[in-house]
Amino acid sequence: MQAGQTHGHHHAHPHDHGHEHEHEHHHKQAHQHGHAHQHADLHYGKGAAGLSVPGMGQRQLIAIEMDVLAKNNKLAVHNREHFDQAGQLVLNLVSSPGSGKTTLLCETLRRLEGQRSCAVIEGDQQTSADADRIRATGVPAIQINTGKGCHLDAKMVHDACHQLPANEGGILFIENVGNLVCPAGFDLGEKYKVAILSVTEGEEKPLKYPDMFAAAQLMIINKTDLLPHVSFDVARCIENAKRVNPYIQVIQLSATTGEGMDAWLNWLASA
């Protein structure tokens, strides 16, 4: 019994040692493989359609997109003709949520009071909070709630315009849903897209969302009063935007302090 116990002990030790060593070795290799797999980049926007939808091929996606955009663009042309006949400057304000679009818009409307008539179309998924803020300035505003929709389209704008008072020779501001992806591809009939980027968001945004900044004529870098408190490289942000769109104009301002607002108002006057 004593010898058998000793033999069993010696047998178990090298077996356990070898098993554990071999098991740990293979387990480590498997873990390394899984680790590399988890960190592999996945690109779903590389096909001809520029996006991926489960169960749908690239040709099918392209056909659907072309049909949707063709219908939208036809109505956008109609909107643009209507705006041109009324001598209206129509701007499509686009940004991520929280960039300060509504604050900038309210301050702009206050400064334009008595100088040029204005109207506003507000786009949000839910609530009329932003339209209420606009109306508090005395400017007429129509709220469009898109529900699960992530952008405004030409028909929404067309219908909203028929509810606004005549604004000949004035400015129509369209504040789009906070989203730097979907609104880039939908023409509303506007003259210019204005992309608003706050210094709290990061200077890489133009490279991450190139379609939007490529479509914009102006980039406003907002909340510059916060620059001392954030790590935001203004020069790098402008450089990134120019890489996407060499012709994009840039204005730096703070709607809160008013710094840079004159440059924005001058741009509006020249536009």
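Calculation notes
- Residues numbered from 1 in each chain as written.
- Predicted model: local features only at pLDDT ≥ 70, side-chain atom pairs only at ≥ 80, totals over all residues.
- Heavy atoms only, no water.
- Helix = DSSP H or I, 4+ residues; strand = E, 2+ residues; numbered from the N terminus.
- Expected span 1.5 Å × (residues − 1).
- Buried < 20%, exposed > 50% of the residue type's maximum accessible area, 1.4 Å probe, protein only.
- Disulfide = S-S within 2.5 Å.
- Salt bridge = Lys/Arg side-chain N within 4 Å of Asp/Glu carboxyl O.

**Student:** Help me understand helix H3 (residues 101–112), please; the structure alone is not making it clear to me.
**Tutor:** Residues spaced three or four apart along an α-helix face the same direction, because each turn holds 3.6 residues. Compared with the 16 Å implied by 1.5 Å per residue over 12 residues, the 16 Å span of H3 between its first and last C-alpha is a close match. The buried count for H3 comes to 9 of 12 residues, which makes it a mostly enclosed element. For H3, every residue scored as buried is listed here: Lys101, Thr102, Leu104, Leu105, Cys106, Glu107, Thr108, Leu109 and Leu112. Two residues or fewer past H3, Gly114 is found with a positive phi of approximately 85 degrees.

**Student:** Just checking my understanding: could you explain the state of the cysteines for this structure?
**Tutor:** Formally, a disulfide is one covalent bond, and it connects the sulfur atom of one cysteine to the sulfur atom of another. Across all of its chains, the model carries 1 disulfide by this definition. What pairs with Cys150 in a disulfide is Cys182, and their sulfur atoms sit 2.5 Å apart. The disulfide joining Cys150 to Cys182 has a torsion of about -90 degrees about its S-S bond and is therefore left-handed. Here the residue Cys150 occupies a position in the loop between strand S3 (141–145) and helix H5 (154–161), and Cys182 occupies one in the loop between strand S4 (171–175) and strand S5 (192–198), the gap between them amounting to 32 residues. Note on Cys150: relative accessible area 25%, which makes it partly exposed. Under the relative-accessibility criterion, Cys182 is labelled partly exposed at 25%.

**Student:** Would you mind going over the pattern of salt bridges with me for this structure?
**Tutor:** Side-chain pairs of opposite charge can arise where the charged atoms are in close proximity. This model, assessed by the stated rule, comprises 9 salt bridges. The shortest N-O distance in the salt bridge between Glu107 and Arg111 comes to 2.8 Å. Placement of the pair is Glu107 and Arg111 together in helix H3, with a separation of 4 residues, close to one helical turn. Judged by its relative accessible area of 29%, Arg111 is partly exposed. The salt bridge partner of Glu190 is Lys193, with a shortest N-O separation of 2.7 Å. Lys193 carries the same exposure label as Glu190, and that label is buried. Via salt bridges that share partners, Glu107, Arg110 and Arg111 belong to a single interconnected network.

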